[in-house]
Structures are given as C-alpha cells and as structure tokens.
Number of protein chains: 2
Amino acid sequence: MNKKIPTKIYLNEEEMPRYWYNLRADMKEKHDPFLHPATLKPCTAEDLYPVFCKELVKQELNQTNPYIEIPEGIREFYEMYRPSPLVRAYFLEKALGTPAEIYYKFEGNNTSGSHKLNSAVAQAYYAKKEGLTSLTTETGAGQWGTALSMACAFYGLDLSVYMVKVSSEQKPHRKEVMRTYGAKVIPSPSTTTEAGRKILAEHPDTGGSLGCAISEAIEVALGTPNCRYVLGSVLDHVALHQSVIGLESKIAMDKYGIAPDIVIGCAGGGSNLAGLIAPFMGERIKGKNNIRFIAVEPASCPSLTRGKYVYDFGDTGRTTPLIRMYTLGCGFMPSANHAGGLRYHGMSPIISKLYHDGYLEARAVEQTSVFAAAETFARTEGILPAPESSHAIRVAIDEALKCKESGEKKVILFGLTGTGYFDMTAYKAFNDKKMSDYIPTDEDLEQGFASILDIPQNK
Amino acid sequence: MNKKIPTKIYLNEEEMPRYWYNLRADMKEKHDPFLHPATLKPCTAEDLYPVFCKELVKQELNQTNPYIEIPEGIREFYEMYRPSPLVRAYFLEKALGTPAEIYYKFEGNNTSGSHKLNSAVAQAYYAKKEGLTSLTTETGAGQWGTALSMACAFYGLDLSVYMVKVSSEQKPHRKEVMRTYGAKVIPSPSTTTEAGRKILAEHPDTGGSLGCAISEAIEVALGTPNCRYVLGSVLDHVALHQSVIGLESKIAMDKYGIAPDIVIGCAGGGSNLAGLIAPFMGERIKGKNNIRFIAVEPASCPSLTRGKYVYDFGDTGRTTPLIRMYTLGCGFMPSANHAGGLRYHGMSPIISKLYHDGYLEARAVEQTSVFAAAETFARTEGILPAPESSHAIRVAIDEALKCKESGEKKVILFGLTGTGYFDMTAYKAFNDKKMSDYIPTDEDLEQGFASILDIPQNK
C-alpha cells in the first residue's frame, strides 16, 4: 500500500477540542421552537426546568453562541475513551478496488459500545454540578442506558433505567453491564409508577414500548427530590455534545490536509449525524466547502425519505413538547428490524431543518444489504460494526463503488458509531440467510400520519 | 490531577516494534525439550511438521536468535488494531488513594476482544505463505476461535473451529462472530471425525471437552490436504508472537522515562504473561533491572502455586508431545469458574521454567475477589474487563493498596488482556451475589496428579 496517511490518526491531548460547536448558531434559518402541547406556544426554559437539568435547558435553547466550552470535569472523563481514532480504511478500499479514499471515525471503543457516552458524560456532569443526586432515563437497545450507567458511576449519581421489557428479556447481558456500573434497571412497564401500573392493568402481557418507558422515567424524575430525567438523542443539547465527533474528525483531517467530498452518517434520532457533520456543515453554510452530506436511515423506518415535516410529539405516549421535525407520526409502529437505535418515528430538529433546506441528502437502505456491508467491513477492517453503524457503511461502500466506475478519487468520511457485540442474534439471522427486508406500505404510513396533531401549525 | 504522563500512550507507526523478542535466547538455562510420547526422545522438527506449519515449527524450536523480524504482511494486519494503548490508571489510583503509579496495557480493543489476535495473525500469515488453504483449531471460551477467524478472513484461508459443545451452546453469540468472519464452527464432539464419533458412541450426552476438541481438530488437519492445526497458547512460538505486548509497553514506558517495579499478568496457558514480561524479563536476566514479576492464576486451577514441575501431556486426550511444565495433571478437572481462559491444567514451558528458577512469583486468587476488582476497575477506568484479565487487576489493586499502607510510590504495570462483553453470565452471578469460590482439595489435586505419566524423566 502506498501510504502517506497513517491508518489510524489519534489526536494528542493538546490537539483535542476544548469547545463544543453549536451548529445552530451558524444556521441562517433556525429550526422552529418546541411548542408546549397544552398552549401550543413556544416552550420557555421554565417549562423545561422541572424535567431537565438547568444547564442542559440553557444549552437546548442556546441558538446564538457557536462555541461552548467543554468543562474540565468532562474533558477529564473524555480521557478514558477519547480521542477516538479516525481510521483510513485502506483494507476496505483495497477489497473494493476503488480509487476513493475512505475514512471513518470510530466511536465504538468504549464499554457502552457507541457514541452515546459523549452526551451521557456531559449530562451526568451537569447533574452532579447542579447538586442532583439521581437521574432517570429509558433505554431500548441498551446503548444509551449503558453509557449513562458508566457516567453516573464516575460522577457518583444514582441511576434508574427503565428498559423496555421485551429488550430487557432479549438482551439480559446489556442489563448486566448496566448493573455492573451500579445502575438500577427496571423492566418497563413496571409497578413502580402510575404510568406503568396503568398500562399493566390494561395490557398485563405487554412487552413495553419506548414511549411507556419514557413516561415512567419522567414520572419518577418529577416525583423524586434532586432527580431529573435525561435523554440520549433528538434534542439539541445532545447534538451539541456529539459535536466532539465532528470536531475531532476535522482536526485530524486538517492536520493531514484531507478534505472530505462526502460525509455519511446513520440517522435514528439524529444526534450522531448532527455531531459528525457539525463543523463541516458550519463551513458549508458559510460557503467554505461544497461537501455532500448523506443521512442514512432504514427503509423500514424512513422518517426523512418518506415522512412529513410537521409538529409532532417526541414520544408515543404524547407527553413531550411538540417538535417540528420529519416524522412518520408518533403513532407509527416501525416494522421489526435489527437496528434498534434507528427505530424512531421522528428526527432531530436540526437534521430535519438542514434536510428541509437542502443542505443534506437522505437515503433509505434495506437491512439485508446493510448486513452484507457489515460483513464486508468486518472481514476487511476487522471491526464488527453495530447494525446501526452499518447503514453508513452501506452507503460509503456504494459511493466508493460509484467512484470505481467513474474513476473519481473522492474522499469519503463516515461515522462508525458503534460495535455489534450485543447484536449477534441479528448477525445469526443474516448468517443463516433468514433475514427479511420490511418496507412499510403507503397504508402503513398513512396510519402513522393519522397520529399527527391537527393543529394550525401543521396546516 | 497533576499530570505529566498522558492517560493513554499510543506509539506512532515509526515507533512500533519490527522484531519479536525471543526471550528463550537470553535465558541462561533453557527449558527442557518436548518429548515424543512414544519414544520419550526430544521432538524434532520432522515430528512436528505433519501437524504445524513449517515456519512455526522453526520458531518453536529456535532458542538462539533473540530477535525475529515481524514480516511486513503481519505488521500490515497489526495496523488494524495495534498499537494497543498503554494506559495510566489515574482514575483507579485516585479511587484507591494510593501513591503507586498504575499502568495497564490494554489488548481488548479488537473484535476478538483479547490479545489472542496477536498470534492468530502470525499463524494465519505463515500458513498462507506456505501455500496452505485451510486451518483447524479448537476453542473453549471462544476468544481464540474468534481471533483466528478474523485472521483467516483477512488472509483468505478456510477455517474449521471445533468448539467445546457446552461452550457453543452457552455462548451462541461467540459462535456467530466466528461465522460472520467466515469460519465453520463445529460443536465438539462431532460426527465429522473418528475421535468425535468414538466419544459420542461412549458418551452420547457429553458436553465435550477441550481435550476432545483438540483431538478432532488435529485429526482433520492430518487428513486434509494443505491443512494444518494451530494452537492459541502454551507453545513457545505463541509466546514469541505475544512479545509484541511487552515490546510496545516497554517502548512506551521508555519514551516517558517510566521504569516498572512490578509487572503483573494473568496466567492460563501463559502466552499473554510470557509476551507481556518478555523484554523486561530479558533485562532482568541480564541484571539490568530488579523488577518483580507476578503470575496470577485462579485458586480453582492453581497450576503454578500447587502443581508439579514434571513432563505431562498438553491435552486431556493425551495426543500432544510431552511438555515439562507446572501441571495439575492432564486428567485434572478444574472446578467450575468463570475465567474459561484460565482453566488449563498446565502452564507454558517458558513461564514454568522462569518460575522454577525464581525469576517469577505466582499468586492464586479467588473469583469473588476477582470480580470485586473487576467492578472497581469498570467503574473507575470505564472498561469492562474480561474475568481472566481481572485476575491481574486484583493483584495490581492489592499491590497498590500495600503501597498506600507503606507510602511507597511503586510503579505497577499489568496486562489487561481483554474485555468481558461475552461474560455477562458471570457478572450476573456476581451482581446477584450468587458467585461461589471453588478451591480444589488436596484430594482433588491427588486425583489430577495420578494422571501424570510414570516415566524416568519424572523421577
């Protein structure tokens, strides 16, 4: 291999970013504000304080400061697992026979197995600083719950994780990782909350849902002294914390004079994608580059490619503020797929706005082709990717193969958000050639759209 | 924290070792040779060629060259996952309140989840170079099988892994990782070999054993054109490949002027420990340092602390050459414990010889205390350690606490061989406070010792 650029670029401690980048401050048009579901008026900080930590609410509503300092106490935690490497995919390039240069930012080298830790540490830090003693959250696939367990263990906070019951039964190992970090894991619905008891009375055999787990976690936060609720995606302050992914990538690329032509990320709630693209998109908005940005979503849950850009609830339980975003409707039931982290009916408001304004492309891919890409990647680059991350791999490979046809030497950067150690049931289905592709019909979508509120803002 | 040394030290590509270090060449007394079990005479290269690759046999018998060049094709693979970081355990030190400086070399940041990949890549590389088309091996806990699957995928070799049946049922996810890398995984005993059919006829319900899996793998290798058998521990060529761990550690420490006072590693077959200590021990033998080396083994399988230094078979099936080593007897049945990688009746001949000659201490620890150390480590350093690796953590913490009492500022280095993602059943037992400690009685040991051959060399 003819190499000038090292296979893995690690930043030195002096090179690490000291500020998060708040992309919204540089967006020419801001996204629409959250609305209070009762009044349909923009949410104020006061509306959010009972549920969220103060500093996080401030970050959530801050659309003016482009740079927000990363506190030393958070940078200290970062040292455990950051910088993450920016990897030149020499082996994958060779296997594909492409003239394209492929890079990926690997966020899976930590025990939570994903980028989720970037926001977990920030949220736990601010909670501790504010004098809180405990946090609550919900988790589906378990990556967010694991990340938050790690952060709470470090800062000395109690944590209750409401884990969707069916997930906690299917992924008992995820649960044990959280317990090892000292978290209390409660299968949801549970008898510990009114919301849970109500659901259990109506549906005693239910396997639970993320919507119900959110309702339980919020109820406990509201009813417990010195406790708040935290969320791992969708919100702007989560995207802010995730900007460390893009910042480190850009510093590493700038150091070696590499300029990406295409930046690709998988998109569930959107926080990873928003974080990865942030500094590159900031320059794009200022006319300093002409990068193509591609959001990749599963064909089974196509919020960007087939959703509507309207106000909708963030949860199926209809308890959150209304968010203007691309959505399939909070009542949309995504058909089964193996990328639990991408089974969300909506999309982060920043990503939605960028897509709506034409700064971002979106592509929906089917899971069998995603796992085929995952297998190629595992065998060439040696890392077993998470199904979520493999959506980005799929499109990176497709773009690299287009370069092979055209002979173009494009520079492709994608986000490898995590590892697949806890997803072997999905890999088994693929290995056994028993994996199916589910694509919602137009009727399925219409059912979901019917759950969107009929309010003046949605006319 | 008052820091001069970075939390993580990564070597640049230019700093990476280009030679393995063959510690045996610098040992004043060499360990005794393997004996052919039929003749009781030292094994020759010709005895070993039908089973092992030629280059590996040469390495196995090479006791004269201290440095053996790492081929470029192997260093290329290393770039996927090496260098592994040398980590300063600032967070653990702070939690313990010790004046000791603790460092660990982390070998778990690759998909196999352990140091096993270091030898897997070398063995697959030489097999490919020799023109072989397939390999066979056995695996118990699955780390070795996974590592070899990755290496065979990279070099384009077919691989059959005989996996102890009970393990393949208890750890179906490990099996799927291997399949994802293209390996054929056969639960052992199987009907694919004479050895397997014989065992099944006698014990139709057996869960299998490592001894039986080895016999099956060797039988297939002997009966298949262009096929050889490979082994992941115990042998000298495996220790040679693992010297990359110690070499990288020493280069990183030298760069920052750090000199360890104590080096600690867990010991199952001994390859990780032999690799970690190699360059430090080489200098110790030459009188250039006065480092204490500590091998840590489970109290349930105490080959060094309670075994005999005699000639014994490497497998329970009595098919291998005779090895002079510390052993509990090839018929010893280790009581159940959760560190599958440390349930071996014997110990690498190099480690055995060093221990016998007083260069190395050994300590046996009980598993509940090991998991308590693992929990502390996970919560402070953020990495979920493998049960095997946690044996080294236990003793590192114990030594650091002694420093706390004495006020000494010792420098402790330990090997963190891998991650525990596939060991959550063990963690669950610990979290549920249902873990037991098994220590073999003297009678148990006598039963094992009875399986040792009554030959002149053992008088």
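Going by what an unreviewed UniProt entry lists, chain A is known as tryptophan synthase and is assigned to Candidatus Stercoripulliclostridium merdipullorum. According to its UniProt record, chain A has this under Function (unreviewed entry): "The beta subunit is responsible for the synthesis of L-tryptophan from indole and L-serine." Taken verbatim from the UniProt record of chain A, the Catalytic activity (unreviewed entry) comment is "(1S,2R)-1-C-(indol-3-yl)glycerol 3-phosphate + L-serine = D-glyceraldehyde 3-phosphate + L-tryptophan + H2O".

Student: Sorry if this is basic, but what is going on with the interface of chain A and chain B here?
Tutor: Interfaces are frequently sized by the accessible area removed from exposure as the parts join. With 43 residues of chain A at the interface, the matching set in chain B holds 43 residues. Both faces considered, chain A and chain B share a buried interface measuring about 4,100 Å² in area, 52% of it formed by carbon and sulfur atoms. In terms of surface lost to chain B, no three residues of chain A exceed T180(A), R379(A) and Y421(A), which account for 17% of the buried area on that side. On inspection of chain A and its partner chain B, the count reaches 4 salt bridges. We note a salt bridge from E176(A) to K428(B), for which the minimum N-O separation is 3.9 Å. Where chain A touches chain B, the interface holds 24 residue pairs in polar contact (both at pLDDT 80 or more). Of all the secondary-structure elements, those providing two or more residues to the side of chain A that touches chain B are α3 (72-81), α4 (90-96), α6 (143-155), α8 (172-180), α15 (367-381) and α17 (424-431) of chain A. Its residues assigned to classes, the side of chain A that touches chain B comprises 18 nonpolar, 11 polar and 14 charged.

Student: Would you explain the packing of aromatic side chains in this entry?
Tutor: What describes a pair of aromatic rings is the distance from one ring centre to the other and the angle between the planes of the rings. Enumeration according to the criterion identifies 38 aromatic pairs over all chains in this entry. Where Y125(A) meets Y155(A), the ring centres are 5.9 Å apart and the plane angle is 70°; that geometry is what we call edge-to-face. Taken together, the residues span a long stretch of sequence, with Y125(A) in helix α5 (residues 117-129) and Y155(A) in helix α6 at a distance of 30 residues. With relative accessibility at 16%, the residue Y125(A) sits in the buried group. For Y155(A), a relative accessible area of 13% puts it in the buried group. Where F154(B) meets Y155(B), the ring centres are 5.0 Å apart and the plane angle is 90°; that geometry is what we call edge-to-face.

Student: Where do I start with the relation of the copies chain A and chain B in this structure?
Tutor: Overlaying chain A with chain B gives an RMSD of 0.0 Å, the required rotation being 180° about an axis along which the chain moves by 0.0 Å. Such a combination of rotation and displacement between the chain copies is what one expects of a two-fold axis. Of the interface residues in chain A, 100% have counterparts in chain B that sit at the interface too, so the contact is made through matching surfaces.

Student: Could you clarify how one ought to interpret empty space enclosed by the protein in this entry?
Tutor: In this approach, a probe sized like a water molecule rolls over the atoms, and the result shows the empty space that is left. Counted according to the given criterion, the structure contains 8 cavities of 30 Å³ or more. Computed from the structure, the largest cavity encloses a volume of approximately 560 Å³. Elements that contribute at least two residues to the lining of the largest cavity include exactly α3 and β5 (101-106) of chain A together with α3 (72-81) and β5 (101-106) of chain B. Broken down by class, the residue content of the lining of the largest cavity amounts to 27 nonpolar, 16 polar and 6 charged. Roughly 70 Å³ of volume is contained in the second largest cavity. In terms of lining, the second largest cavity is formed by Y21(A), N22(A), L23(A), R24(A), D236(A), A239(A), L240(A), S243(A), A274(A), G275(A), A278(A) and I350(A). Contributions of two or more residues to the lining of the second largest cavity are made by α11 (236-255) and α12 (271-285) of chain A. Top contributing element to the lining of the second largest cavity by residue count: α11(A), with 4 residues. Tallied by class, residues from the lining of the second largest cavity come to 7 nonpolar, 3 polar and 2 charged.

Student: Where do I start with the pattern of salt bridges in this structure?
Tutor: Pairing between side chains of opposite charge can happen when the charged atoms of each approach one another. One pass over the full model with this rule turns up 56 salt bridges over all chains. The salt bridge involving K250(B) is made with D254(B); its shortest N-O contact spans 3.0 Å. Here the residue K250(B) and the residue D254(B) both occupy positions in helix α11 (residues 236-255), the gap between them amounting to 4 residues, near one helical turn. The class of K250(B) is buried, set by a relative accessible area of 14%. With its nearest N and O atoms 3.9 Å apart, the salt bridge here joins E361(B) to R363(B). On the accessibility criterion, E361(B) (29% relative accessible area) is partly exposed. One salt-bridge network, held together by shared partners, links R292(A), E361(A), R363(A), E399(A) and K402(A).

Each value, and the rule that gives it
- Residues numbered from 1 in each chain as written.
- Chains lettered and ligands numbered in written order.
- Predicted model: local features only at pLDDT ≥ 70, side-chain atom pairs only at ≥ 80, totals over all residues.
- Heavy atoms only, no water.
- UniProt positions renumbered as here; feature names shortened; annotations may be inferred.
- Contact = heavy atoms within 4.5 Å.
- Buried area = accessible area lost by both parts, 1.4 Å probe.
- Salt bridge = Lys/Arg side-chain N within 4 Å of Asp/Glu carboxyl O.
- Polar contact = N/O pair within 3.5 Å; in protein donor to acceptor, adjacent residues only side chain to side chain.
- Helix = DSSP H or I, 4+ residues; strand = E, 2+ residues; numbered from the N terminus.
- Nonpolar A, V, L, I, M, F, W, Y, C, P; charged D, E, K, R; others polar.
- Phe/Tyr/Trp six-rings, centres within 6.5 Å; stacked < 30°, edge-to-face > 60°.
- Buried < 20%, exposed > 50% of the residue type's maximum accessible area, 1.4 Å probe, protein only.
- Least-squares fit on C-alpha atoms with pLDDT ≥ 70 in both.
- 1 Å grid on protein atoms, 1.4 Å probe; cavity = no way out; pocket = protein on both sides within 12 Å on 5 of 7 lines; lining within 4 Å.
- Points joined across faces, edges and corners; volume = space filled by probe spheres on them.

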